[in-house]
Amino acid sequence: MNKKDILIKVAIIIGIIVVINVIAKRVFTRADLTKNSSYTLSPISKDIVANLEDKMVIKAYFSNNLPPPYNNLRRQVQDILDDYRSYSKGNLNYEFLNPTSSGEGEGNELDQEAQKYGIQPVQIQAMDNDKLEVKRAYLGLVFLYNGKQETIPVVQSADNLEYEITSLIKKMTMTTKRKVGILAGQGEPEISNLTQINSVLSEQYEVVPVDLKSSAELDPLMGCLIVMGPKIPFNESEKFKIDQFIMNGGNVAFFIDKITPNFQQQVVMGNEVKLNLDDLLFNYGIKLNTDLIRDLQCSQVQVQSQIGFPISLNYPFFPVITNIDKGNPAFQNIKSVVLTFASSLDTSITAAKNIKVTPLLTTSDRSGVMKDFFFLNLEQIQNMTKGSADTLFNKKGFMVGATYSGKFRSYYENKEIPADTAQGWLQYSGQRLNESVRDNVKIITIGDGDFANEENKPPKENIVFFVNLVDYLMDDVGLAVIRTKVSSEAPIEETSDSTKKFLKYFNLIFPPALVLLIGLFKWNQRKQKKKNLQLK
């Protein structure tokens, strides 16, 4: 083969590589090997963008020549927008604009245009000539559709960008918002204090407070009702209105505290919370036990050490739940939920009610239960021996949350409508029903009323779980799925003592033994080779 032939072949190979790169850049395709298809549009995103009735334009205000890692972010955003455009049937287009310019003219005009849409420049750090510099950059998106405008002021990461884009597109294409009711007036947290929850839910729903005293009947257009950590007992008239909401096909979530700690005394004790809801819930096949569940797979609390420094201690009454109903798309990507002073559910009565029950939250295999006397001081945990731990945490999997679905019957069937003569009370004015109008009404019950109470600063995963739960009750799980496509790392599961011991001795013995065996094998090889040479 002469030099000319070699050069021709090299030129052909280089040409093929160039053509492949050009095609790859212009024709959108991707192989997504991640566990939960993090970089592939979900069916809900494809469906929403495919059903656009008018042209949508996305303007991406991204500065040119961004330093790492922002240069990769621009490419990731472009890939996602390519994906949306490919499924939009020609109704979605985008353009990248560079608002930053050192000179006059177009750069300044784009700068003003971006800020008019609510996209402000941000300061980013960059290394230039071995110097750390702060640069001014734009990293925002604006969506224009049918006279409406929505903005993502700063794209900080591509991890959750699909959810942000799809939720905005859905918001812009909705004509009316469905209602989500959060019960008020029974000592629950105020909606104004649920800042994150209210912010996320308000994008898709109208979040309304529900006061049973001032409502003649609960709005039948309300998709679900959230009963979140009530502290004041319910009277029969209040219970009747909730019962009739369920009979009218409304879905309900009961987040109930059965035991609450009393920190006003030196010895922390748990007190029973009496809400007068047990009989109503029992009628639906729900029984919440008056107990507290402890779990070795738990969260930590900070306490003062004897020398005055704060230290973190595992507190078994704050179980970290990793056994979540993965069969439900709304929760399939939720890694964990942290509960506080949780009580268990008894499902033995559900079958007799012809109601389907599905475990939602279940504790680990190293759990225990406390009944009757609730002593909650940390000292008992600090001074716990291995033998005590084996005794206290010898139970498996307590159900602390469940989904009940089916056709429910009214607790007030064959009873008179309860009356209330209190001032300001509005008597029930709706049609009385003795069974639910739908066959698949859903009631979710969790034995902890405060797991999403933002006043207690819960983990982010708790907030995501709460919002996804609302989506599920609203029969709208599409956004719930993509909201958690990229989530936090799964917590480490509690490992048994036998497994720990096996791994300890395996790591101690196996590596040296392997090296010894290889050495013996090599030594035997050389010995045999030497012997063969002597024989020759």
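Residues numbered from 1 in each chain as written. Predicted model: local features only at pLDDT ≥ 70, side-chain atom pairs only at ≥ 80, totals over all residues. Heavy atoms only, no water.

**Some remarks on the overall build of the protein chain**
Broken down by element type, the protein chain carries 13 helices and 23 strands. Considering only C-alpha atoms, the protein chain reaches an extent of 105 × 80 × 50 Å along its principal axes. Taken over 536 residues, the protein chain has a buried fraction of 45%. Taking as baseline every contact in the protein chain between residues at least 6 positions apart, the subset at least 24 positions apart corresponds to 75%. Carbon and sulfur atoms make up 53% of the accessible area of the protein chain, which amounts to about 29100 Å² in all. The protein chain carries 61 positive and 60 negative side-chain charges, and their two centres are separated by 13 Å. (Helix = DSSP H or I, 4+ residues; strand = E, 2+ residues; numbered from the N terminus. Buried < 20%, exposed > 50% of the residue type's maximum accessible area, 1.4 Å probe, protein only. Contact = heavy atoms within 4.5 Å. Areas by Shrake-Rupley, 256 points an atom, 1.4 Å probe, with all protein chains shown as cover. Lys, Arg positive; Asp, Glu negative; His and termini not counted. Charge placed at Lys NZ, Arg CZ, Asp CG, Glu CD.)

**A closer look at the sheet that holds strand E18 (residues 337-338)**
Sheet architecture is open: 3 strands sit in the order E15-E16-E18, paired in antiparallel fashion. Here the strands that pair on one side only, and so sit at the sheet edges, are strand E15 (298-304) and E18. Relative to strand E16 (residues 310-321), E15 is paired through 6 bridges, and the arrangement is antiparallel. Across the sheet, Cys298 pairs through a bridge with Pro319, a residue of E16. (Pairing = 2+ DSSP bridges.)

**Describing the pairing of strand E23 (residues 441-446)**
For E23, the tally of buried residues reaches 6 of 6 residues, placing the bulk of the element in the interior. In E23, alternate side chains face the same way, and those of Val441, Ile443 and Thr445 on one face and Lys442, Ile444 and Ile446 on the other are all buried. Looking at chain direction, strand E10 (residues 251-255) and E23 are connected through 4 bridges and run parallel. Residue Phe255 lies in a different strand from E23, and its bridge partner there is Ile446. Pairing geometry for strand E22 (residues 399-406) and E23, over 6 bridges, is antiparallel. What sits directly across from Thr403, in E23, is Ile444.

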